[in-house]
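Remarks on the overall topology
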Amino acid sequence: MFDMDGNVGSVMVTTTANRGMNAEEWAETAVRRIVSVSLDSPMPIREQAFAFRESVKNVLIHYFKKVARSERTTIRAILEKEGYSELAKHIEDI
Amino acid sequence: MAITQAMCTSFKKELMEAKHNFLNSGGNTFKIALYTSSATLSAATTAYSATNEVSGTNYTAAGNTLTRVDPASSGTTAYTDFADTTWSSSTITARGAVVYNDSASGDPSVIVLNFGSDKTSTAGDFTITFPTADASDAIIRIA
């Protein structure tokens, strides 16, 4: 006889109010998929894994912020080209 | 009225009937629908239903289409995964979700998810992040 055991993992739900998710929130969701830490692993290994996860998260935050800034720069350039200079300035200032 | 996280029993049977294909290329279309706390969902859920499905700004009935990730295995466990999904600029309150096969006749359900509490987005993002795709964490695992 062969037994099959089906399991369902736990999802993380992130919500925001009156804004989109920021770099820190996207980094947290990304790092959870990149680095998983087993609760059964020995403490020194777990601590090392958590430190690595934090390091990866900080790198992601850094570059996600750069992406957001680049997006605004691109949007500003498009708006200025179309003659919306005032609106373009507001976008850049966000 | 309760939402109990589970792999649907009907899905286990349907696996033996070759009803579901999770391959990234050429696989079935899987969707995720959100539900309010009034819904009754469990391992006994057999298919997508609009009863007690959430409604709100930028949420379309039947939910979002998921991006499949090729099934893999590690040790004696097989698993599959989906890319994270977001309802942008949405106003939604949901307590759980059902992943189902939109390609198969009758929209058979795969898994039921319980978020633990009501989750609300207000003119913002509602994002579901699936767990790491490995033998001990992946969203769908068969050992």
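The present account deals with the structure reproduced in this document. (Residues numbered from 1 in each chain as written. Chains lettered and ligands numbered in written order. Predicted model: local features only at pLDDT ≥ 70, side-chain atom pairs only at ≥ 80, totals over all residues. Heavy atoms only, no water.)

A common way to express how large an interface is: the accessible area buried when the components associate. Listed as interface residues are 35 residues of chain B and, on the opposing side, 25 residues of chain A. Summed over both partners, the interface of chain B with chain A buries about 2,400 Å², with 52% contributed by carbon and sulfur atoms. At the surface where chain B touches chain A, the tally comes to two salt bridges. In this structure, Arg33 of chain A engages Asp81 of chain B in a salt bridge whose closest nitrogen and oxygen atoms are separated by 2.5 Å. Counting across the interface, chain B meets chain A through 19 residue pairs in polar contact (both at pLDDT 80 or more). Counting only elements with at least two residues in the side of chain B that touches chain A, the list comes to strand 1 (6-7), strand 5 (77-82), strand 7 (109-129) and strand 8 (140-142) of chain B. Each residue belonging to the side of chain B that touches chain A can be placed in one class, and the counts come to 18 nonpolar, nine polar and eight charged. As paired strands, strand 1 (residues 6-8) of chain A and strand 8 of chain B are joined by three bridges and run antiparallel to one another. Residue pairing in the sheet places Val8 of chain A in a bridge with Ile140 of chain B of strand 8 of chain B. (Contact = heavy atoms within 4.5 Å. Buried area = accessible area lost by both parts, 1.4 Å probe. Salt bridge = Lys/Arg side-chain N within 4 Å of Asp/Glu carboxyl O. Polar contact = N/O pair within 3.5 Å; in protein donor to acceptor, adjacent residues only side chain to side chain. Helix = DSSP H or I, 4+ residues; strand = E, 2+ residues; numbered from the N terminus. Nonpolar A, V, L, I, M, F, W, Y, C, P; charged D, E, K, R; others polar. Pairing = 2+ DSSP bridges.)

Our next topic: unusual backbone geometry. Residue and element names in this part refer to chain B. Positive phi is not limited to glycine here, since Asn52 has a value of about 65 degrees. In this fold, Asn52 is placed in the loop between strand 2 (30-35) and strand 3 (64-65). Located in the positive-phi region is Asp107, a residue other than glycine, with phi close to 50 degrees. Mapped onto the fold, Asp107 is located in the loop between strand 6 (85-101) and strand 7.

Turning to the layout of surface pockets, a few remarks are in order. If you add up the space inside the largest pocket, you get close to 400 Å³. In terms of lining, the largest pocket is formed by 17 residues, of which the most central are Arg32, Ser36, Val37 and Arg53 of chain A together with Asp137 of chain B. Among the residues making up the lining of the largest pocket, the classes are represented as six nonpolar, six polar and five charged. Reported here for the second largest pocket is a volume of approximately 230 Å³. Secondary structure elements with two or more residues in the lining of the second largest pocket: helix 1 (23-34) and helix 2 (43-81) of chain A. Counting residues per element, the lining of the second largest pocket draws most heavily on helix 2 of chain A, at five residues. (1 Å grid on protein atoms, 1.4 Å probe; cavity = no way out; pocket = protein on both sides within 12 Å on 5 of 7 lines; lining within 4 Å. Points joined across faces, edges and corners; volume = space filled by probe spheres on them.)

Moving on to the packing of aromatic side chains. Counted by the stated rule, this structure contains nine aromatic pairs over all chains. Pairwise contacts between aromatic rings join Phe11, Phe22, Phe30, Phe82 and Phe130 of chain B into one cluster. (Phe/Tyr/Trp six-rings, centres within 6.5 Å; stacked < 30°, edge-to-face > 60°.)

Opposite charge on two side chains makes pairing possible when the charged atoms of those side chains draw close. Scanning the entire structure with this criterion turns up seven salt bridges over all chains. The salt bridge partner of Arg33 of chain A is Asp84 of chain B, with a shortest N-O separation of 2.9 Å. Taken together, the positions of Arg33 of chain A in helix 1 and Asp84 of chain B in the loop between strand 5 and strand 6 put the pair across two chains. The partly exposed category is assigned to Asp84 of chain B, whose relative accessible area is 28%. Three or more residues joined by partner-sharing salt bridges are found here, namely Arg33 of chain A together with Asp81 and Asp84 of chain B. (Buried < 20%, exposed > 50% of the residue type's maximum accessible area, 1.4 Å probe, protein only.)

The next point concerns the nonpolar core. Taken as a class, soluble globular proteins show a tendency for nonpolar side chains to be buried jointly. Membership of the largest hydrophobic core comes to 38 residues, with the highest contact counts inside it found for Leu34, Phe115 and Ile128 of chain B. Those elements that place two or more of their residues in this core are strand 2, strand 6 and strand 7 of chain B. Other than its neighbours up to four places away in sequence, Ile128 of chain B contacts Val11, Met12 and Val13 of chain A together with Ile32, Leu34, Asp84, Thr85, Trp87 and Phe115 of chain B. In terms of nonpolar packing, the next biggest core, distinct from the first, is built from seven residues, Ala27, Ala30, Val31 and Ile61 of chain A among them. (Core = buried A, V, L, I, M, F, W, Y, C linked by side-chain atoms within 4.5 Å.)

As a further point, take the packing of helix 2 of chain A against helix 3 (residues 85-93) of chain A. Residue and element names in this part refer to chain A. Across the interface, helix 2 lies against helix 3 with an axial gap of 8 Å and an inter-helix angle of 175 degrees. Here helix 2 lies roughly antiparallel to helix 3, going by the angle between them. For the pair formed by helix 2 and helix 3, the contact residues are Arg69, Arg72, Thr73, Ile75, Arg76, Leu79 and Glu80 on the first element and Ser85, Leu87, Ala88, Lys89, Ile91 and Glu92 on the second. In terms of residue class, the contact of helix 2 with helix 3 is built from five nonpolar, two polar and six charged. (Axes fitted to C-alpha atoms, helices over the stretch in contact; angles between N-to-C directions. Parallel < 35°, antiparallel > 145°, perpendicular 65-115°, else oblique.)

For the rest of this paragraph, the subject is the environment of Asn7 of chain A. Note that Asn7 of chain A resides in strand 1. Sequence separation between Asn7 of chain A and Leu60 of chain A is 53 residues; the distance between their C-alpha atoms is 30 Å. When near neighbours in sequence (up to four residues on either side) are disregarded, Asn7 of chain A contacts Met7, Ile139, Ile140 and Arg141 of chain B.

Function-wise, these values are silent; they only describe arrangement.
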